[in-house]
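Each chain is listed here by its residues.
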Amino acid sequence: MDLSKYSLEELFQAAVKAEIDSREAYSILSGITENAFLKERLRFLAEEEKKHRDALENAFRKIRPDTVLNIPQRSPVPLPEIDVSDETTPMSQMLQQAMDAEIAARDFYIGFAEQVPDKKD
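Residues numbered from 1 in each chain as written. Predicted model: local features only at pLDDT ≥ 70, side-chain atom pairs only at ≥ 80, totals over all residues. Heavy atoms only, no water.

## Regarding helix H2 (residues 36-63)
Consideration 1: Spanning 28 residues, H2 covers 41 Å between terminal C-alpha atoms, matching the ideal 40 Å at 1.5 Å per step.
Consideration 2: Turning to H2, its buried residues are Lys 39, Leu 42, Ala 46, Glu 49, Leu 56, Glu 57 and Phe 60.
Consideration 3: Where H2 is buried, its residues meet helix H1 (8-32) and helix H3 (91-115).
Consideration 4: Of the residues that open H2, the one with a side-chain oxygen 3.0 Å from the backbone nitrogen of Phe 37 is Asn 35. (Helix = DSSP H or I, 4+ residues; strand = E, 2+ residues; numbered from the N terminus. Expected span 1.5 Å × (residues − 1). Buried < 20%, exposed > 50% of the residue type's maximum accessible area, 1.4 Å probe, protein only. Contact = heavy atoms within 4.5 Å. Polar contact = N/O pair within 3.5 Å; in protein donor to acceptor, adjacent residues only side chain to side chain.)

## Structural notes on the pattern of salt bridges
Consideration 1: Tallying each qualifying case throughout the model produces 6 salt bridges.
Consideration 2: Close ionic contact of Arg 23 with Glu 47 constitutes a salt bridge, the shortest N to O distance being 3.0 Å. Of the two residues, Arg 23 sits in helix H1 while Glu 47 sits in helix H2, which places them 24 residues apart along the sequence.
Consideration 3: Residue Glu 47 is classed as partly exposed on the basis of its relative accessible area of 40%. (Salt bridge = Lys/Arg side-chain N within 4 Å of Asp/Glu carboxyl O.)

## A few points about the nonpolar core
Consideration 1: If you look at the biggest cluster of nonpolar residues, it comprises 14 residues, and the most contacted ones within it are Leu 3, Leu 11, Phe 12, Leu 56, Val 77, Phe 108 and Phe 112.
Consideration 2: For this core, the secondary structure elements donating two or more residues are H1, H2 and H3.
Consideration 3: Here Leu 56 is in contact with Phe 12, Ala 15, Val 16, Glu 19, Tyr 109 and Phe 112, once residues within four sequence places are set aside.
Consideration 4: By size, the runner-up hydrophobic cluster in this structure holds 11 residues, among which are Leu 29, Leu 42, Ile 82 and Met 94. (Core = buried A, V, L, I, M, F, W, Y, C linked by side-chain atoms within 4.5 Å.)

## Quick word on the confidence of the model for the chain
Consideration 1: Scored by pLDDT, the chain has a mean of 91; 98% of the residues are at 70 or more.
Consideration 2: Mean pLDDT across the secondary structure elements of the chain bottoms out at H3, with 92, and peaks at H2, with 95. (pLDDT = per-residue confidence, 0-100.)

Written out as structure tokens, the structure is:
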């Protein structure tokens, strides 16, 4: 994914926004499923998204210590979202959306990594 047209700040904003949205989606899915195993897996994924957000915010502070990372309502980089707004949507379709979003996230992070300057500590 070519992300060269985005600033480093926009990439961090998009990444953190995606982690926030994914955490919320996994939390909602966990709340509506009755399958105990799936409920626990979704809770786990929601917590992992929080860890990812924290790691991204820490990385941004190291790269830009004097800049506050403001998270926008909408991501500056178009990424697929998990639509959990309609509880009548079959769980299988919502999980497929989640898998598609995770694949897109992988591609985003590969492109994102190419834009982050190497910093020797």
